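Remarks on the overall topology
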Amino acid sequence: MQHAIDCTKCRDEEATRKDLDNYSQALEQLERTGSEFHGDSIVALKSEISKLENWLESDALKSGNYPIGIDRLMTELIEWRSVVYAIDETDFNDGLFNKSAFFAQWAVGAVYAINAIIGKMVNQNSQDNSLRKLWNKVYIFIKRDGFADKSEINALTTNFNGERFKNDGSKVILYRNTSIAHNEKNTQPKWSDVDEDLRILTRAWALITSWCSYGLFNSLRCNEVAFMGLEKHFTPEQMNQLYLKRLEYLGRIRAWGMHPIGHNLNPDDIKPLDLNKTYSLFGGNGPTITTHLV
């Protein structure tokens, strides 16, 4: 049994209470089936519950002296990108997002958020709570346990620790460093540049969550919540188009998480998520999403 990486001290109060409730329910279900079958899992869950209870009472939580967890940042990154993709891929949004100052500012904010989160995930500062730092802690165990081919693990490790996520290797990082963090240039990347970087991050994250014991209790927002507030501006048919395009992008995320980074994806690999289903995004321990139309 693999033990999940301890990221207890990366949760806010709401997330801590939610995870505590989920762990407690999981523990109750295991205890009902008999401790003789799930002894190790029960011990591990009790340990996680104890950590969460202690975290709720800690001064660090109360004062905000903690980083945001990797799972939360990755799910937010996917949330932002999937909604932007849906808006860009439909043909009835130009007026709203160009003429309305509020929605135009939202679009700029989305660009900043997506590029900034990718920057956080690959930062090479040893003090940062980055996906790169987490990967470097666990990839040797993922390799040992055969969760991915050794050549792919080596490639991911090289991507994180080499030049791939520096200014010369990533247009996203160049933009983050020279336009968001500083005011040197205005070389905004294309969305295809963002997706190239996001594919690498998604695959590494998927391998980590698959390797961990518990995976994620986090779920992606359903379509209704993701697009809440737009119903006043678009018809039900247009809202459904947005929903379907978001599911199309999430199908891409699912394919990235489930296939090696060197695999040339074909149309059979990248399928939109079906409607009226609850998915585990990576087919195992990844975040879940429930899909349906208006």
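The structure presented is a predicted model; accordingly, all values stated were derived computationally and were not measured.

1. A word on the packing of aromatic side chains
- Inspection of the entire model under this criterion finds 13 aromatic pairs.
- Taking the centre distance of 6.2 Å and the plane angle of 20° together, the rings of W135 and Y139 count as stacked. Taken as a pair, W135 and Y139 lie in helix α7 (residues 131–144) at a separation of 4 residues, close to a single helical turn.
- Given the relative accessible area of 0%, W135 is considered buried.
- Each member of the aromatic cluster is reached from another via a ring pair, and the members are W80, F97, F102, F103 and W106.
- Geometry around F165 places R164 over its ring, the cationic atom sitting 5.0 Å from the centre.

2. Here we look at the packing of helix α8 (residues 150–161) against helix α10 (residues 191–211)
- Contact pair α8 / α10: the axes reach a minimum separation of 11 Å and the direction vectors enclose 125°. Taken together, the axes of α8 and α10 lie oblique to each other. The element α8 and its partner α10 pack so that their crossing is left-handed. From α8, E152, L156, N159 and F160 reach across to α10, where they touch I200, L201, R203, A204 and L207.

3. Focus on the side chain of D193
- Tracing the backbone through its elements, the reader meets D193 in helix α10.
- Buried charge without a partner: D193 forms no salt bridge, and the closest opposite charge is K171, 4.3 Å away.
- Of note is the side chain of D193, whose polar atom sits 2.9 Å from the backbone nitrogen of K190.
- Among residues more than four places away in sequence, those in contact with D193 are K171 and V172.

4. Thoughts on the side chain of T90
- Tracing the sequence through the fold places T90 in the loop between α4 (70–88) and α5 (94–99).
- Residue T90 is classed as buried on the basis of its relative accessible area of 9%.
- Polar side-chain contacts of T90 include one of 3.0 Å to the backbone oxygen of A86.
- Within polar-contact distance, the side chain of T90 engages the backbone oxygen of I87 at 3.2 Å.

5. Points about the pattern of salt bridges
- Per the stated rule, a full pass over the model turns up 12 salt bridges.
- A salt bridge links E152 to R203, with the nearest nitrogen and oxygen atoms 2.7 Å apart. In this pair, E152 sits in helix α8 while R203 sits in helix α10, placing the two residues 51 residues apart along the sequence.
- The exposure class of E152 is buried, given its relative accessible area of 6%.
- Look at R203 and you get buried, because its relative accessible area is 7%.
- Connected through shared salt-bridge partners, E76, E79, R221 and R246 make up one network.

6. Focus on the environment of D197
- In this fold, D197 is placed in helix α10.
- A C-alpha to C-alpha distance of 9.8 Å links D197 and V122, two positions 75 residues apart in sequence.
- Among residues more than four places away in sequence, those in contact with D197 are I118, R164, F165, S170 and V172.
- Among the polar contacts made by the side chain of D197, one reaches the side chain of S170 at a distance of 2.6 Å.

7. What to know about the nonpolar core
- One finds M74, M121, L131, W135 and L201 to be the most contacted residues of the largest nonpolar core, which totals 47 residues.
- Broken down by secondary-structure element, the contributors of at least two residues to this core are α4, α6 (101–122), α7, α8, α9 (171–180), α10 and α12 (236–258).
- For this core, the leading source of residues is α10, giving 10 residues.
- In this structure, V83, L96, L230 and Y243 belong to the second largest nonpolar core, which totals 13 residues.

8. Focus on α10
- A rise of 1.5 Å per residue sets the reference length of α10, with its 21 residues, at 30 Å; its end C-alpha atoms lie 30 Å apart and thus fit the reference within 8%.
- For α10, the tally of buried residues reaches 17 of 21 residues, placing the bulk of the element in the interior.

9. Considerations on the packing of α4 against α6
- Packing of α4 against α6 leaves a shortest axis separation of 10 Å and a crossing angle of 145°. The element α4 and its partner α6 pack so that their crossing is left-handed. Where α4 abuts α6, its residues I70, L73, M74, E76, L77, W80, R81, V83, V84 and I87 lie against W106, G109, A110, A113, I114, I117, I118 and M121.
- Within the contact of α4 with α6, the residues separate by chemical class into 15 nonpolar, 1 polar and 2 charged.

So, how was this worked out
- Just so you know, the residues in each chain are numbered from 1, in the order the chain's sequence is written.
- Local features are withheld for residues below a pLDDT of 70 in this predicted model, meaning they are given only at 70 or higher, and side-chain atom pairs are given and counted only at 80 or more; totals for whole chains, interfaces and linings count all residues.
- Water and hydrogen atoms were dropped before computing side-chain values, which therefore reflect all heavy atoms in the structure.
- Centres within 6.5 Å make a pair out of two Phe, Tyr or Trp rings, where for Trp the six-membered ring is used; the pair is then stacked when the planes are under 30 degrees apart, edge-to-face when over 60, and tilted otherwise.
- The helix count covers DSSP runs of H or I at least four residues long, the strand count covers runs of E at least two residues long, and both are numbered beginning at the N terminus.
- When accessible area is computed with a 1.4 Å probe and restricted to protein chains, residues below 20% of their type maximum are described as buried, those above 50% as exposed, and intermediate ones as partly exposed.
- A positively charged side chain is recorded as over a ring if its NZ (Lys) or CZ (Arg) lies within 6 Å of the ring centre. The angle to the ring normal must also be within 35 degrees.
- Lines fitted to C-alpha atoms define the axes here, with helix axes fitted over just the stretch in contact, and angles between the N-to-C directions of these axes take values from 0 to 180 degrees.
- We call two directions roughly parallel when the angle between them is under 35 degrees, roughly antiparallel when it is over 145, roughly perpendicular when it lies between 65 and 115, and oblique otherwise.
- Two helices crossing with the near one rotated counterclockwise from the far one by less than a right angle form a left-handed crossing, whereas a clockwise rotation gives a right-handed crossing.
- Every residue pair with non-hydrogen atoms within 4.5 Å of one another is taken to be in contact.
- When charges are counted, Lys and Arg are positive and Asp and Glu negative, with His and the chain ends excluded.
- Counted as salt bridges are all cases of a side-chain nitrogen of Lys or Arg within 4 Å of a carboxyl oxygen of Asp or Glu.
- Identification of polar contacts relies on pairs of N or O atoms within 3.5 Å, with a donor-acceptor requirement for protein atoms, meaning one able to donate a hydrogen and the other able to accept it, and with residues adjacent in sequence counted only if both atoms are side-chain atoms.
- For this analysis, a nonpolar core means a set of buried residues of the types Ala, Val, Leu, Ile, Met, Phe, Trp, Tyr and Cys, connected via side-chain atoms within 4.5 Å.
- Working rule for helices: expected span equals 1.5 Å times residues minus one.
- Each residue gets one label: Ala, Val, Leu, Ile, Met, Phe, Trp, Tyr, Cys and Pro are nonpolar, Asp, Glu, Lys and Arg are charged, and the others, such as Gly, are polar.

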